[in-house]
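# Commentary on secondary and tertiary structure
Listed here are the chains, written in short residue letters.
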Amino acid sequence: MNVAEVKKKPLKNYLGIWGWVWAGRYNVERYLYTLQRVTGLGIILYGILHLTANGMRISGEGLWEDTMSLFENPVFAVGEYLVIAAFLIHALNGLRLILQQLGYTLGAPKPPIYPYSHALQRRRPIVLAMGALGAILLLLILIDFVV
Amino acid sequence: MRQSYFRVLQLITGVAVFFLIAAHVTALRLDDFAGVFGVHIEEPTSWGSVMDRATSAGWASFYIILLAVAIYHALYGLRVVLMELPWPPVIARSLNYIMMGIGIAVFGYGTFIALNAYYS
């Protein structure tokens, strides 16, 4: 691409909705941000369904029992597990973000000695710890679901 | 109230909603985890069990508090996502009020269901 073509089609710095999904080769933390949004929106969607289903009890026992019998399908059990997984991922990543935002993960200041490490590298153990905790809890919850 | 206070409230409700939903899910869906805390609810989705909880002051208050905290956290988060979309100026200016309207309506609906069952 020559200079004239670059001038004709300048690169956009606004990626739109696509930028939420794929923003290039960024660090894992950038994609945890995407996951935070996806899980958050998924939980909101489930919350709407949950509130609607719970509202059925206002029409009495018959409609309630009919609605609940729909959810005995194994597909809904898988859906429930995915919602709990989304909640757990959102919560643990959110906890990491709160700790970071409040400055608890900054660590003590130290002189900049080569090879330098950047802030994301220094905080990576927290991402790994949250990931490991999430994986253990998801496994325990899966066992609780299946057994 | 300044915008930053709403943001702080988002963090506080985030922590609160974590504990409230964790308690809700554990008590009603995760038998083994609930057993660790000495909680056991027989057939939590059966009509009898649902109405037992709905007519208990403790459970009814718990649900209403959970609803309020979850609605704030969800709608503030949704607002942040929606603010990034290219809305027409009228909608962009009214987004806060739209979110508040939705929040009040959903809280009203949920509270009505909880109180209707409580006083039944």
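Note that the coordinates shown come from a computational prediction; the quantities given were computed from them, not determined experimentally.

## So, unusual backbone geometry
Among all residues except glycine, the phi angle is most often negative; among peptide bonds, the trans geometry is most common. Cis rather than trans, the peptide bond between Y114 of chain A and P115 of chain A has omega equal to -5°. Among the secondary structure elements, P115 of chain A is positioned in the loop between helix 5 (74-101) and helix 6 (119-146).

## Notes on helix 6 of chain A
The periodicity of an α-helix, 3.6 residues per turn, causes residues three or four positions apart to be oriented the same way. End to end, helix 6 of chain A covers 41 Å across 28 residues, agreeing with the expected 40 Å (1.5 Å per residue, within 8%). Within helix 6 of chain A, the axis deviates most sharply at P125 of chain A, by approximately 30°.

## Brief notes about the packing of helix 5 of chain A against helix 6 of chain A
Helix-helix packing is characterised by the crossing angle of the two axes and by the distance between the axes. Residue and element names in this part refer to chain A. With their axes 10 Å apart at the nearest point, helix 5 and helix 6 run at an angle of 155° to one another. Taken together, the axes of helix 5 and helix 6 lie roughly antiparallel to each other. Handedness of the crossing formed by helix 5 with helix 6: right-handed. Every residue of helix 6 that contacts helix 5 at A77, Y81, I84, A85, L88, I89, L92, N93, R96 and Q100 is listed here: R123, I126, V127, M130, L133, G134, L137, L138, I141, L142 and F145. Broken down by class, the residue content of the contact of helix 5 with helix 6 amounts to 16 nonpolar, three polar and two charged.

## A short note on the nonpolar core
In this structure, V17, Y63, L67, V69, A70, I71, Y72, A74, L75 and A114 of chain B together form the largest nonpolar core, which totals 10 residues. It is helix 4 (residues 57-82) of chain B that contributes the most residues to this core, eight residues altogether. Ignoring any residue separated from it by four or fewer positions in sequence, one finds A74 of chain B in contact with I44 and G47 of chain A. In terms of nonpolar packing, the next biggest core, distinct from the first, is built from eight residues, I84, F87, I89 and A91 of chain A among them.

Cut-offs used in this document
- Residues numbered from 1 in each chain as written.
- Chains lettered and ligands numbered in written order.
- Predicted model: local features only at pLDDT ≥ 70, side-chain atom pairs only at ≥ 80, totals over all residues.
- Helix = DSSP H or I, 4+ residues; strand = E, 2+ residues; numbered from the N terminus.
- Expected span 1.5 Å × (residues − 1).
- Bend = angle between axes of the 7 residues up to and from the residue.
- Axes fitted to C-alpha atoms, helices over the stretch in contact; angles between N-to-C directions.
- Parallel < 35°, antiparallel > 145°, perpendicular 65-115°, else oblique.
- Left-handed = near helix turned anticlockwise from the far one by under 90°.
- Contact = placed C-beta atoms within 7 Å.
- Nonpolar A, V, L, I, M, F, W, Y, C, P; charged D, E, K, R; others polar.
- Core = buried A, V, L, I, M, F, W, Y, C linked by C-beta atoms within 7 Å.
- Buried ≥ 20, exposed ≤ 12 C-beta atoms within 10 Å, placed from the backbone.

Scope: geometric values only; no functional claims are made or implied.
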